[in-house]
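Architecture at a glance
Spelled out from the first residue to the last, the chains are:
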Amino acid sequence: MNKTVNSDKKNISFVEFLKKIAGFLKLHYPVIILVIVGFSAVSVINFMDITTNRTIAAYNIDEFEVGQIADRTILAPRSIPADEMNPVFVEEGEKIIRKGFPITEEAYAKLQKMAESPMYIDYRAFADAELVLILLTTMWFLLFAFAPFNHKFLLREFIFQVLCFIIVYGATVVGLKSQLFSSPFNLTVVIPAALFVLIEAILYGQLSATFFSFMLSFGVFAASSWQIIPFLFTLASCLASSAIVRKIERRIDMVLVAIILAFLDAVIISIIAVIFNENLRGMPVVIGGVAANGFLSGILALGLITPIEF
């Protein structure tokens, strides 16, 4: 009889648990749908990024060279036929390189074949990117769900943040693939994170904008293949944006904010260049670019506030 009673209690507890889950889903289904849509959009960007990257088993082809002692074994996941550009043949399952053995010219040619072939998709690198995205989503939830500040997190704010994150993430990925902005310093010129942080600070408050700054910065960090320079610049520029906009009383003051942000961005990138011993010959163009980015961010924020509020 005791076993029957215990079994009934377990069934009741399980039913109550299911009811709580159903109640949570019913209450928060718009946010859940938005998270799924946002996650899917960034996943598409990640997939497009991986299919055009020169990576093998989550490693860039530039990490290998002829004669190097391989520190890992790489197998061919599928057969890739020879062509005019690269006449070597890759057979499914063959060991391209072996750990502890030098990389031969033939093996390196096969690595290049895999990296350049549209038939080869580095699913390991894609899985790594998706795990990072899951981590960022979790961080986002923890920051805004449990952070102790008196701010009611509205659905429209979450929609705005998701859209901004997708734009910044996508701009970073596209910028990194272009020859003009492929270097870490040049990439900072095309990241529009400060613009969205300015708008977030004006509409939803400085503290919310500060948290959002961290999320955008980590998004840039992941999208830029873990390059520290775009991450540091984005974080510093976004935090500066959320700070300087907090005391504006009139919208026309955004012009002054734009000028200040342009100056601060130029100073930030200059300090980072000194810290990382960057060749200063090409830095004037980068400094001018990030200054223009900061100024345009302030001006565009002024123009976009009204339609976004509406």
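Structural data are supplied above this passage.
What this report covers is the structure whose coordinates are included nearby. (Residues numbered from 1 in each chain as written. Predicted model: local features only at pLDDT ≥ 70, side-chain atom pairs only at ≥ 80, totals over all residues. Heavy atoms only, no water.)

The next thing to look at is the overall build of the chain. Summing up its helical and strand segments, the chain has 10 helices and 4 strands in all. Traced from its N-terminal end to its C-terminal end, the chain shows the element sequence α-β-β-β-β-α-α-α-α-α-α-α-α-α. A burial count over the chain gives 41% of its 310 residues as buried. By sequence separation, contacts in the chain at least 24 residues apart represent 71% of the contacts at least 6 residues apart. Accessible surface computed for the chain: about 17600 Å², of which carbon and sulfur atoms make up 66%. (Helix = DSSP H or I, 4+ residues; strand = E, 2+ residues; numbered from the N terminus. Buried < 20%, exposed > 50% of the residue type's maximum accessible area, 1.4 Å probe, protein only. Contact = heavy atoms within 4.5 Å. Areas by Shrake-Rupley, 256 points an atom, 1.4 Å probe, with all protein chains shown as cover.)

Take the pattern of salt bridges next. Across all of its chains, the model carries 1 salt bridge by this definition. Its salt-bridge partner being K177, residue D49 comes within 2.9 Å of it at the nearest N-O pair. One end of the pair, D49, is in helix α1 (residues 2–51); the other, K177, is in helix α4 (residues 155–177), with 128 residues separating them in the sequence. Note on D49: relative accessible area 12%, which makes it buried. Residue classification places K177 among the partly exposed residues on the basis of a relative accessible area of 38%. (Salt bridge = Lys/Arg side-chain N within 4 Å of Asp/Glu carboxyl O.)

Turning to the packing of aromatic side chains, a few remarks are in order. Across all of its chains, the model carries 8 aromatic pairs by this definition. A network of ring pairs unites the aromatic residues W140, F158, F165, Y169 and F212 as a single cluster. (Phe/Tyr/Trp six-rings, centres within 6.5 Å; stacked < 30°, edge-to-face > 60°.)

On to the packing of helix α7 (residues 206–223) against helix α8 (residues 228–244), then. Contact pair α7 / α8: the axes reach a minimum separation of 8 Å and the direction vectors enclose 165°. Looking at the two axes, α7 sits roughly antiparallel to α8. α8 is crossed by α7, and the crossing has right-handed handedness. From α7, Q206, A209, T210, S213, F214, S217, F218, V220 and F221 reach across to α8, where they touch I228, P230, F231, T234, L235, C238, L239, S242 and A243. Here the residues of the contact of α7 with α8 are counted per class, giving 12 nonpolar, 6 polar and no charged. (Axes fitted to C-alpha atoms, helices over the stretch in contact; angles between N-to-C directions. Parallel < 35°, antiparallel > 145°, perpendicular 65-115°, else oblique. Left-handed = near helix turned anticlockwise from the far one by under 90°. Nonpolar A, V, L, I, M, F, W, Y, C, P; charged D, E, K, R; others polar.)

As a further point, take the side chain of N46. Checked against the element boundaries, N46 lands in helix α1. The contact partners of N46, leaving out residues within four places of it in the chain, are F126, A129, E130, L133 and Y169.

A word on a nonpolar patch on the surface. Among the surface-exposed residues, L256, I259, I260, F295, L296, I299, L300, L304 and I308 lie close enough to one another that they form a single nonpolar patch of about 720 Å² accessible area. Taken together, the elements giving at least two residues each to the nonpolar patch come down to α9 (254–275) and α10 (283–309). Looking at which element gives the most residues to the nonpolar patch, the answer is α10, with 6 residues. Checked against the element boundaries, I299 lands in helix α10. (Patch = residues over 30% accessible without salt bridge, like charges linked within 9 Å, V, L, I, M, F, W, Y side chains within 5 Å.)

A few words on the packing of helix α6 (residues 193–204) against α9. Running from amino to carboxyl end, α6 crosses α9 at an angle of 140°, the nearest separation of the two axes being 13 Å. For the element pair α6 / α9, the angle class is oblique. Considering how the two elements wind past one another, α6 and α9 form a crossing that is right-handed. From α6, A194, L198 and I202 reach across to α9, where they touch M254, V257 and L261.

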